[in-house]
Amino acid sequence: MLQAMYSDDDRVPYDGPVAVEIELGVPDKRARDLDNHFKALLDGLVDLNYIKDDSQVVHINGRFAPKHAVLNKGYAIIRVVSTSEIYLLQNPIDILDKH
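Residues numbered from 1 in each chain as written. Predicted model: local features only at pLDDT ≥ 70, side-chain atom pairs only at ≥ 80, totals over all residues. Heavy atoms only, no water.

Engineer: I keep staring at the overall build of the chain and nothing clicks. Help me out?
Structural biologist: Looking only at helices and strands, one finds two helices and three strands in the chain. The N-to-C order of helical and strand elements in the chain reads β-α-β-β-α. Counting every position in the chain, which comprises 99 residues, the buried fraction comes to 23%. Here the contacts in the chain between residues at least 6 apart in sequence split such that 82% fall between residues at least 24 apart. (Helix = DSSP H or I, 4+ residues; strand = E, 2+ residues; numbered from the N terminus. Buried < 20%, exposed > 50% of the residue type's maximum accessible area, 1.4 Å probe, protein only. Contact = heavy atoms within 4.5 Å.)

Engineer: What is the right way to look at the sheet that holds strand β3 (residues 75–82) in this model?
Structural biologist: Pairing between sheet strands relies on hydrogen bonds along the backbone, with the strands arranged either parallel or antiparallel. Pairing is mixed across the open sheet formed by three strands, whose spatial order is β2-β1-β3. Two strands lie at the open edges of the sheet, namely β2 (57–64) and β3, each paired on one side alone. Each strand axis lies, on average, 15° off the axis of its neighbour in the sheet, ignoring direction. Sheet analysis places strand β1 (residues 18–25) next to β3, joined by eight bridges and oriented antiparallel. Opposite E21, over in β3, you have R79 as the bridge partner. Set on the sheet, helix α1 (residues 38–47) makes contact with β1, β2 and β3; between it and β1 the angle comes to about 120°. (Pairing = 2+ DSSP bridges. Axes fitted to C-alpha atoms, helices over the stretch in contact; angles between N-to-C directions.)

Engineer: It is not clear to me how the environment of L45 should be interpreted in this structure. Could you clarify?
Structural biologist: Inspection of the secondary structure assignment puts L45 in helix α1. Look at L45 and you get buried, because its relative accessible area is 6%. Taking the C-alpha atoms as reference, L45 lies 9.2 Å from P13; in sequence the two are 32 residues apart.

Engineer: Please clarify how the nonpolar core should be interpreted in this entry.
Structural biologist: Note on soluble globular proteins: their nonpolar side chains tend to be buried together. The biggest cluster of nonpolar side chains holds ten residues, and these are V18, V20, I22, L24, F38, L41, L42, L45, I51 and V57. Those elements that place two or more of their residues in this core are β1 and α1. Each residue touching L42, except ones within four places of it in the same chain, is listed here: V20, D54, V57 and I60. (Core = buried A, V, L, I, M, F, W, Y, C linked by side-chain atoms within 4.5 Å.)

Listed below in structure tokens is the structure:
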């Protein structure tokens, strides 16, 4: 079950396009497919009123946590960024790449 770090029942979900970054910590050494976790996590963002619908997600970047960072329990760190913020983050890189 996904739980928000801070409860906000009056949260108005963001309704624009977003990119999502996910880091998963797994509780054991069993083999897992990273992409199998995305749907449940995106549905959780909708259920917690962070976004209106998971169809807003236009980019997903996911990874498993480094092995030394894994705790006894599994966890997910999810970062949601509007696509306008992504442009602002990528713009300086684009400028550097052109020189």
